[in-house]
Protein chains: 2
Amino acid sequence: MEKKYTASAKISDVSISGGLFGRVSGLVKEQVLPYQWDILNDTATNAVPDHSIENFSVAEGNDEGYPSHCIANFRIAAKEQEGDFYGMVFQDSDLAKWLEAVAYRLMSEPDAELEKTVDETIDLIGRAQQDDGYLNTYFTIREPENRFTNLCECHEMYCAGHMMEAAVAYYKATGKDKLLKIMCRMADLIDQNFGPEENKRHGYPGHEEIELALVKMYEVTGENRYLKLAKYFIDERGKKPYYFDIEFEKRNRASHFSYLYPPYGMYSNGPKYEQYHLPIREQKTFEGHSVRCMYMASGAVDVARLTEDEELMNACRGLYENMVQRRMYLTGGIGSTPKAEMFTSDYDLPNDMVYGETCASVGMMFFTKRLLQAEQKGDYADTMERALLNTCLAGMSLDGKSFFYVNPLEVDPVISRENPDRAHVLPVRPAWFGCACCPPNLSRMITSLPEYMYTICGNEAYVNLYLSNQAKLTLENMEIQLDVKTEYPYEGEISFEVKTEGEYGICLRIPSWSSRKWSVAINGKQVAGAGRPDNTYILKDGFLHLIRTWKPGDHILLELDFEPKRIYANPRVSKDVGRVAIQCGPLVYCLEEVDNGKGLQRIYLPRNAKLELVRRPDKLEGINEIHASGFRLKDFKEEDVLYMADTQWEYEPVKLVWIPYYAWANRGENEMTVWIHEK
Amino acid sequence: MEKKYTASAKISDVSISGGLFGRVSGLVKEQVLPYQWDILNDTATNAVPDHSIENFSVAEGNDEGYPSHCIANFRIAAKEQEGDFYGMVFQDSDLAKWLEAVAYRLMSEPDAELEKTVDETIDLIGRAQQDDGYLNTYFTIREPENRFTNLCECHEMYCAGHMMEAAVAYYKATGKDKLLKIMCRMADLIDQNFGPEENKRHGYPGHEEIELALVKMYEVTGENRYLKLAKYFIDERGKKPYYFDIEFEKRNRASHFSYLYPPYGMYSNGPKYEQYHLPIREQKTFEGHSVRCMYMASGAVDVARLTEDEELMNACRGLYENMVQRRMYLTGGIGSTPKAEMFTSDYDLPNDMVYGETCASVGMMFFTKRLLQAEQKGDYADTMERALLNTCLAGMSLDGKSFFYVNPLEVDPVISRENPDRAHVLPVRPAWFGCACCPPNLSRMITSLPEYMYTICGNEAYVNLYLSNQAKLTLENMEIQLDVKTEYPYEGEISFEVKTEGEYGICLRIPSWSSRKWSVAINGKQVAGAGRPDNTYILKDGFLHLIRTWKPGDHILLELDFEPKRIYANPRVSKDVGRVAIQCGPLVYCLEEVDNGKGLQRIYLPRNAKLELVRRPDKLEGINEIHASGFRLKDFKEEDVLYMADTQWEYEPVKLVWIPYYAWANRGENEMTVWIHEK
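Model, not experiment: these values are computed from the prediction.

Rules used in this analysis
- Along each chain, residues carry numbers from 1 onward, in the same order as the chain's sequence is written.
- Key to labels: chains lettered from A, ligands numbered from 1, both in the order written.
- With pLDDT at 70 or above as the cut-off, local features in this predicted model cover only qualifying residues; side-chain atom pairs require 80 or more to be listed or tallied, and sums for whole chains, interfaces and linings still use all residues.
- No hydrogens and no water enter the side-chain calculation; it runs on all heavy atoms of the structure.
- Accessible area is worked out with a 1.4 Å probe on protein chains only. A residue is then buried under 20% of its type maximum, exposed over 50%, and partly exposed in between.
- Strands here mean DSSP runs of E at least two residues long; helices mean DSSP runs of H or I at least four residues long; both are numbered from the N terminus.
- Should DSSP find at least two bridges between two strands, the strands are regarded as paired.
- Put simply, two rings from Phe, Tyr or Trp (the six-membered ring, in Trp's case) pair if the centres are within 6.5 Å, and we call them stacked under 30 degrees between planes, edge-to-face over 60, tilted for the rest.
- Remark: a charge is flagged as sitting over a ring if the NZ atom of Lys or the CZ atom of Arg is within 6 Å of the ring centre and within 35 degrees of the ring normal.
- Domain delimitation follows an automatic or database domain assignment.
- The criterion used for residue contact is that any of the two residues' heavy atoms lie within 4.5 Å.
- By convention, the term buried area covers the 1.4 Å-probe accessible surface removed from two parts as they join, with the contributions of both added.
- Think of a salt bridge as a Lys or Arg side-chain nitrogen and an Asp or Glu carboxyl oxygen that are within 4 Å of each other.
- We define a polar contact as two N or O atoms separated by no more than 3.5 Å, with the added condition that, inside protein, one atom must be a possible hydrogen donor and the other a possible acceptor, whereas residues neighbouring each other in sequence contribute only through side-chain atom pairs.
- Here the copies were fitted onto each other by least squares, based on C-alpha atoms from residues at pLDDT of at least 70 in both.
- Axis lines are fitted through C-alpha atoms, for helices just across the contact stretch, and the angle between N-to-C directions can take any value from 0 to 180 degrees.

J.: Is there a simple way to explain the pairing of strand 9 (residues 502–509) of chain B in this structure?
T.: Consecutive side chains of a regular strand alternate in pointing toward one face of the sheet and then the other. Residues and elements named next belong to chain B. Taken across its eight residues, strand 9 has seven buried, putting it largely inside the fold. Summarising the sheet, strand 9 and strand 13 (residues 543–550) pair through eight bridges and their orientation is antiparallel. When the bridges of strand 13 are listed, Gly-502 appears paired with Trp-550.

J.: Teacher, can you tell me more about the packing of aromatic side chains here?
T.: Two measures describe an aromatic ring pair: the distance that separates the ring centres and the angle between the ring planes. For the structure shown, the criterion picks out 70 aromatic pairs over all chains. On the numbers, 5.1 Å between centres and 90° between planes, the contact of Tyr-138 of chain B with Phe-139 of chain B is edge-to-face. The class of Tyr-138 of chain B is buried, set by a relative accessible area of 5%. Grouped by ring-pair contacts, the aromatic residues Tyr-134, Phe-148, Phe-194, Tyr-232 and Phe-233 of chain A constitute a single cluster. In this structure, Arg-147 of chain B is placed above the aromatic ring of Tyr-134 of chain B, and the distance from its NZ or CZ to the ring centre is 3.9 Å. Sitting over the face of the ring of Trp-550 of chain B, Arg-548 of chain B holds its NZ or CZ atom 4.7 Å from the ring centroid.

J.: Sorry, what's going on with the domain arrangement of chain A here?
T.: Think of interface size as the accessible area that goes away when the parts come together; that is how it is often given. Residues and elements named next belong to chain A. Taken domain by domain, chain A consists of domain 1 (6–452), domain 2 (453–560) and domain 3 (565–678). For domain 1 and domain 2, the distance between their C-alpha centroids amounts to 33 Å. With 27 residues of domain 1 in contact, the opposing surface of domain 2 contributes 25 residues. Together, the buried faces of domain 1 and domain 2 total about 2200 Å²; carbon and sulfur atoms form 56% of this surface. Ranking the residues of domain 1 by area buried against domain 2 places Asp-13, Gln-376 and Glu-385 at the top, with a combined share of 25%. One can count three salt bridges joining domain 1 with domain 2. Here Asp-13 and Lys-472 are joined by a salt bridge, their closest N and O atoms 3.8 Å apart. At the surface where domain 1 touches domain 2, the tally comes to 15 residue pairs in polar contact (both at pLDDT 80 or more). Of all the secondary-structure elements, those providing two or more residues to the side of domain 1 that touches domain 2 are strand 1 (6–8), strand 2 (14–16), helix 1 (19–40), helix 14 (358–374), helix 15 (378–394) and helix 18 (449–453). In terms of residue count, the dominant contributor to the side of domain 1 that touches domain 2 is helix 15 (seven residues).

J.: In this structure, what is going on with the relation of the copies chain B and chain A? I would like to understand it.
T.: Turning one copy of the chain about an axis and sliding it along that axis gives the other copy, so a rotation and a shift relate them. Mapping chain B onto chain A is achieved by rotating through 180° and translating by 0.0 Å along the same axis, at an RMSD of 0.0 Å. Taken together, these values place the two copies in the relation of a two-fold axis. Most of the interface of chain B is mirrored in chain A: 100% of its interface residues are interface residues there too.

J.: Which parts of the structure should I look at to understand the environment of Glu-311 of chain B?
T.: Mapped onto the elements, Glu-311 of chain B comes out in helix 13 (residues 310–326). Glu-311 of chain B sits 30 residues away from Arg-281 of chain B along the chain, and the two C-alpha atoms are 6.9 Å apart.

J.: I'm lost on unusual backbone geometry in this one. Help?
T.: What you tend to see is this: most non-glycine residues have negative phi, and most peptide bonds are trans. With omega at 10°, the peptide bond leading from Tyr-488 of chain A into Pro-489 of chain A counts as cis. Of note, Pro-489 of chain A is situated in the loop between strand 7 (479–486) and strand 8 (493–498). A cis geometry characterises the amide bond from Lys-240 of chain B onward to Pro-241 of chain B, with omega recorded as -5°. With respect to the helices and strands, the residue Pro-241 of chain B is situated in the loop between helix 10 (224–236) and helix 11 (243–250). Its identity is not glycine, yet Glu-308 of chain B carries a phi of approximately 50°, on the positive side. In this fold, Glu-308 of chain B is placed in the loop between helix 12 (290–307) and helix 13. Even without glycine at this site, Ala-665 of chain B takes up a positive phi of about 60°. Inspection of the secondary structure assignment puts Ala-665 of chain B in the loop between strand 22 (651–660) and strand 23 (672–673).

J.: What am I meant to see in the sheet that holds strand 7 of chain A here?
T.: Think of a sheet as strands paired side by side through backbone hydrogen bonds, with each pair either parallel or antiparallel. Residue and element names in this part refer to chain A. Spatially, the seven strands line up as an open sheet ordered 2-6-7-8-14-10-11, and their pairing is antiparallel. Where the open sheet ends on each side, the last strands, each with one partner, are strand 2 and strand 11 (525–529). Pairs of neighbouring strands in the sheet enclose a mean axial angle of 20°, with direction left out of account. Bridge analysis of strand 7 against strand 8 gives five bridges, and the strand direction is antiparallel. Following the sheet pairing, Leu-482 is matched in strand 8 by Val-498.

Right, dumping it as structure tokens:
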């Protein structure tokens, strides 16, 4: 792996306009961020109880998902308010993610009042920081004597990592370095405490995050120690004897999360849960907590790229391949079990028991963004888009006022209510969570979307995601401007207007689902397409490399396959055998009870039924529907018979109406399914 | 409901000979009971760790399922040994069930040495009893001050009930009343403490059992107080304010099982878990812990029958109907979730997540036996047989050396190992359990099988179960003898030789699965059969009433439908839509990987494939197999693709071999399924 000039688009240089993401970005700015600020300050009024697994925090009295007490924790740590710490041990990270998201928002649109709020909050953070640089409200308030003694469970470095990301973002947004300096002091303190030297602890975080954050700190400060420390954490993880075993005995087996995971909290979940079962370089499959996996791999790709570490990069490639080839839901969800929100085994993808945490799919975007920086393969962007347009978007309601933590592919509200195994599968989005990691993670991803849209490599601009935007992109030797117009993902045509003269590359992703049908025209003349032997331009690794001398006003038209498609899972996925799902473009579709009646699991789609695409700008903030003629298995004639020999089945015709998966659960509690029977 | 003469067959009067139950009864006598005695005395050597949910007792250090410490607990309570109590709070019941099973065994076959062991054990129990009659080793050793303060969780009455059942059985077996007197003193103590009077506590047990035991005590002692107390517990349950709420506050929210069910142990599971959400008379559906439900309903039927309480009986009928029409697996398993081993909701019958506890199906036999005493309906016996021949028998290995607690209808060993949601679904039977309720429950049911086989009502003998046996049956006005010969459940012909002259009825169950094809001949002449308008005898409620003047040597031949049948579930059972199971006679069949190769969830049975019955006396201690030509979905050609559009499926032919469900998991760890796809 050769080190070369790579970058993402700058958030401030890309303006998203209209369409699905115009709407979603607007929601995050207008609705989600102000609402979250109210939550952090305990002034929100519409938060309601949640029922996710983290709601075991009921044992700590936090059964309503609020108050957050996050800002209050900082005030108490700063000795400006009386009271005790309240919330999850990683409560600080909620503020960090909000600050990061706001920083991105300020990059694309200045707001003096908002900036003042941030500055005041940063002042508060500064006052909560201890003399030696330590920053963590839980330990400062509750257990100052126990700092860095329970890395396995207590998320100190995780919180620090998130605040570093916020610091870097705010510095980039405003040039103000107060938070950056605060976090440099914390990073320095961690660096003094951890490392290969004999007088330091040979540990690593229980929840990865600081690795990728230290890389960001390195990139903005140029301080090589930060990169070194990130690499140390990556390399140390999984070495034997396990640090978490040593640490566990040292603290006399004290546990923070024993109420959630008896008897010894997260330590009881075993090495795979926190990915220390093996050194990362030896890991072939993602194991354990799916969000942690994504953060770990993101940091590892960064370190591999910056240190030209081909072995580490290969491990990351292997982990990626295992995930997308064996452990990922069609919707880009990951984590097949609510128990510790974990990966399970290859092809074990139950649609009803799935966890599919929103944060995990956001994390998948972090991971794939970094993979694209390291090597420009369309498959990474395909996966990024799969996660973004399906699971990530489903994580938020259409009005931006409620959120999913868990994203199932099959829901029956009665079973969710009555069967405790399915209690994590909510049929409607709660307004907030006791463990509120997902909504702010969504916010910071949406507000930084330009970084995912374009990867720049040398003098080539790779277009990973298609949405309407005006972009200024800084290539290695020049700056270019592009104007992109499309109704994608609701149509397959994407139009690019080139604004800058010069020789450079515009590399268009040809999604794998479109590989059999696509075409590209420049100034009205087709120059490339599926099955054309005379392509003027090279299609490599899923990107069409339009490298040429451009003139302002040049127009590119990309046409992708927009036929609705039947999708089938590998037969090794036992739960999907005999079942079909519908995808159109990048969007996975689902059936909801409100459109199709009760009993979605009794519906069959005939193998030869025509799938019809229907524009519905009026519905669910503007969607496409898919229509088809299917049928539904009728009830037994004898209603009160549970089992019957040699039954003659009867079916009734039903007009099937699919909507995009991300738009489900916006019309009240009802059944939903992605996979249905095929006949 | 009119009170009439009803009884079961006496165990001592029925000799089971040969066939499936000759083998199983022999195993219990020769293998299981001696082994369990070793377990109780901590002298067993082959017990291995179990991984069932009760293994959360790991928090109490009991992670290997042994030592049992049960006898030691009694010695310590009797102050004859130093040490602390060890095991589950209901550990005493393991000994009680063993004593009861041994008593039944002694009824059918005296054994002086075994009787001596029992007598010595009863002496020990007597010495462990407190001066006021109290008997419970946990509370005597650990919390003598807290007796009867945590009925919700602590199983004192449950243990007492089991010991009462043992006392009654041993008294009936030997005429010795020492244990009976011990338990009368305990019953009297409970009666002094609980009841409607103002100076008594208005409570009821957290785990039902004592209700049915008190009825047995009443029947053997004639002491009306015991029946009254049983009725009190039945009637008090579910009254508001809930006794368990009051008790909970009184003991300052102290909890015994908080390690298993945080934060407040079984109390946290809510009223439905222990069936006190409503008075029993108002309960329409079985809710909560499935074993508790069966014990509750058994006691309620007893009380209803003896007190001629039609309202209570109606409630029991309704609960039964709800169960068999909406909440029971094809195998007679109940309990759809491992979380608190509970019922969930109508038609929610996941095959992979099922609990299907062996004890619950044994409890279903207790319930249906009592229903048959109250009213002779074949459906109750059908259900009894479904539970017995499928889930109950599956609870024990063919060599009697290992046991299932959980009885799934679908197993993939890899997923059981890697997906914690499925950790309760073991692919092989463990040798013992930390919570060892199931094996001794099986033992006492098998050793008392004659009580299930025949119900006597007036001068009619109802034959509920078909197996080879010689029976002496005490009717209201006479004693008769029958000699039954059959290879059932491996053939459909059952032959009866009448030994006694006189006018009486022999009522043969015509199972519902055979209702379309059966015939009965007396002395070679067909006298009744399916679809015959000229039946000489009345078929009522599933029993053919052969009421006539019998002569010694009269011969009855019953022929039942023995064609293998395709079984389908009500389409409201979403997990079984598009799937088929195979039943032949009363036996549900399953596919195992060892016979059919890997990937059972990819197998299809064509709708028109011929099902062939194949005798296999050489296999699995003698079974029938079912053979058919099916096919298996082939792998994707591209191995590393997880999702694919518009695939052309390929299938390979496969010769399908089903074995009886009860015989699964006797040939090592492998996949198993009851329901497969139909095409």
